[in-house]
Amino acid sequence: MSVARPLQDRDPAAGPRAARAAYAGRQTLGAAAVAVLRGNDLGGRTRASATLYPHQWSWDSAFIAIGLAHLDTDRAAAELSSLFEAQWSDGRVPHIVFDPSAPAGSYVPSLDHWVCAAPTAGHDGPAPATSGLIQPPAHAIAAGHVWRAARRRGPAASARARAFLRDIYPRLLAWHRYLLTARDPEGSGLITIYQPWESGWDNSPRWDAALAVIRPGPIPAHRRVDLDHVADAVQRPTARDYRRYLWLVRLLRSVCYDDEAVYPRHPFLVKDVLASALLVAANEALRDIAGLVGAPGRDCAQLRRWIRRGRQGLDGCWDPRLRMCVDLDLRADRPLRARTAAGFAPLIAGSARRRRLADLLATLDSAAFLGHPRLRWRLPPTTSPSDPGFAPRSYWRGPIWPVVNWLLWWSLGRAGEQVRAQRLGRQALGQLAAVNGFPEYVDPFTGKPLGSPAQSWTAAVTLDWLAAGLCPDAPDSGAAAA
């Protein structure tokens, strides 16, 4: 990994004191972020963290590639290519690619919880060891970032990046086709998930109602390794929910993750609005890539249809009372009304019409999110403090996640809301500078870093913010209350 000069800044040594301080702060934060990515580099792929997540995670790698593109575009391309080497023959990209050199027992559920008797991947030799679940499809978005970064580096880097796009394009197309067929047999434009881990928002209140009716059977003996890495168990999913998660995996494994066998009787079947919104944005990115690699016109036509279908599906998930989108429980045929940051899905999809965009922005600014008076920074909690399921220190039930800040920052910029985007990005950098590290998530009220430390995707989005020219806000400059 080339890390000699990750950020192309002009040294403002002759400028005002505040400018020099801002420059020094950016350089310190950037160097620390690079150190995290270097420390978690497995050689061609990156582990999510050195402690709790010692393997390669699917949507983590997408964000990691976005950050790596500012350091070394070839290494960023390798991050995505290594993930797609584990792509299954049906097109799915597994949510974990296991590192065989990781210590035994360093992550649960380990590989033996996932394997089934049937072959699952289209490989001539031994298939990479993977899970059987998926995660949100941010990969084409990341590939587009790699291309644009390579173009800025000159003709040689551009040529290599174009070759990378030619290689990964059919794999991305197969991934998206899997999601819009096997995971959407209804043709709704919305991705169906079979287990909360597939959403990336593991223990969010988004899933509480759908999980509540599940009565798990026997599961293999296991030790909660995640509890070894946090100061208190309240930061992680409850034992009851974890048992349900493992039971759902056991059911999926029993049919070798065959979608046709899963769909008729699996007890957890949910349309995920956030994953679906990311797929719309990823289809837009893949449409651009298709033009760059000279893909057939029928591919571009299909991508346009998928984009339209996804936006229509999100329109159908709009909740006028919450002024957000909500997920849909297919088993119970009912919306899952939780007030979470996933509800900003139309903003992420780039599909919000003027009236709906105004509603989304009003919700974002309201006391339910950025306007809450107790926030340490004006950054969105993953679950609104006004939601009954809110818990400020518990994983996806309330803490602020830097990667979600990045998604909203990027989406606001795409929507033309540059002032809002800049403000959110500066606050996000200010938070990371204040907590002195790159944590998995942060208590929205106290600012205490939580979960796993030195998280790769947190470091990666930091580099993208810095490369965009953002400076961290001073401590408490955006706090709603002292």
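Placed above this text is the structure.
Now for a quick tour of the structure. For clarity, every value in this text was computed on a predicted model and none was experimentally measured. (Residues numbered from 1 in each chain as written. Predicted model: local features only at pLDDT ≥ 70, side-chain atom pairs only at ≥ 80, totals over all residues. Heavy atoms only, no water.)

## Considering unusual backbone geometry
Phi is positive for R323, which is not a glycine, with a value near 55°. Within the secondary structure layout, R323 lies in the loop between β5 (318–319) and β6 (324–325). When its relative accessible area of 31% is taken as the criterion, R323 is described as partly exposed. Phi at D333 takes a positive value of approximately 50°, unusual for a residue other than glycine. Examined against the element boundaries, D333 turns out to sit in the loop between β7 (327–329) and β8 (334–336). (Helix = DSSP H or I, 4+ residues; strand = E, 2+ residues; numbered from the N terminus. Buried < 20%, exposed > 50% of the residue type's maximum accessible area, 1.4 Å probe, protein only.)

## Some details on the environment of C256
Here C256 shows up in the loop between α7 (239–254) and α8 (259–265). Considering only alpha carbons, one finds C256 and V115, 141 residues apart in sequence, at a separation of 8.0 Å.

## Focus: the nonpolar core
With 150 residues, the main nonpolar core has F63, Y169, W201, F268, W406 and W465 as its most contacted residues. Take this core: its biggest share by element is 14 residues, from helix α9 (residues 273–293). (Core = buried A, V, L, I, M, F, W, Y, C linked by side-chain atoms within 4.5 Å.)

## Observations concerning the sheet that holds strand β3 (residues 191–193)
Taken together, four strands build an open sheet; the order of strands is β3-β4-β7-β8 and the sheet is antiparallel. The open sheet terminates on both sides in strands that have one partner only, identified here as β3 and β8. Strand-to-strand twist of the sheet, defined as the mean angle between neighbouring strand axes without regard to direction, takes the value 35°. Of the strand pairs in this sheet, strand β4 (residues 270–272) and β7 are connected by two bridges, and their pairing is antiparallel. What sits directly across from V270, in β7, is D329. Contacts from α9 reach β3, β4 and β7, with the element oriented near 45° to β4. (Pairing = 2+ DSSP bridges. Axes fitted to C-alpha atoms, helices over the stretch in contact; angles between N-to-C directions. Contact = heavy atoms within 4.5 Å.)

## What to know about the side chain of E198
Positionally, E198 belongs in the loop between β3 and α6 (208–212). A polar side-chain atom of E198 sits 2.7 Å from the main-chain amide nitrogen of Y194. (Polar contact = N/O pair within 3.5 Å; in protein donor to acceptor, adjacent residues only side chain to side chain.)

## Quick word on the packing of helix α2 (residues 58–68) against helix α3 (residues 73–84)
Contact pair α2 / α3: the axes reach a minimum separation of 8 Å and the direction vectors enclose 170°. As summarised for this structure, α2 and α3 are arranged roughly antiparallel, according to the angle between their axes. Where α2 abuts α3, its residues S58, S61, A62, I64, A65 and L68 lie against T73, R75, A76, E79, L80 and L83. Taken together, the residues that form the contact of α2 with α3 break down as seven nonpolar, three polar and two charged. (Parallel < 35°, antiparallel > 145°, perpendicular 65-115°, else oblique. Nonpolar A, V, L, I, M, F, W, Y, C, P; charged D, E, K, R; others polar.)

## Some thoughts on the environment of W409
With respect to the helices, strands and loops of the structure, W409 is situated in helix α13 (residues 402–414). On a C-alpha basis, the gap between W409 and L424 in space is 6.3 Å, while along the polypeptide they are 15 residues apart. Contact partners of W409, with chain neighbours within four places excluded, come to A421, Q422, L424, G425, D464, W465, A468 and L470.

## Points about the packing of aromatic side chains
Counted according to the given criterion, the structure contains 24 aromatic pairs. A ring pair is formed by W197 and Y245, whose centres lie 5.6 Å apart and whose planes are at 55°; its orientation type is tilted. One end of the pair, W197, is in the loop between β3 and α6; the other, Y245, is in helix α7, with 48 residues separating them in the sequence. For Y245, a relative accessible area of 0% puts it in the buried group. These aromatic residues form a ring-pair network of at least three members: W59, F63, W201, Y395, W396, W401, W406, W409, W410, Y441, W457 and W465. Over the ring of W377 we find R376, and its NZ or CZ is 4.1 Å from the ring centre. (Phe/Tyr/Trp six-rings, centres within 6.5 Å; stacked < 30°, edge-to-face > 60°. Lys NZ or Arg CZ within 6 Å of the ring centre and 35° of its normal.)

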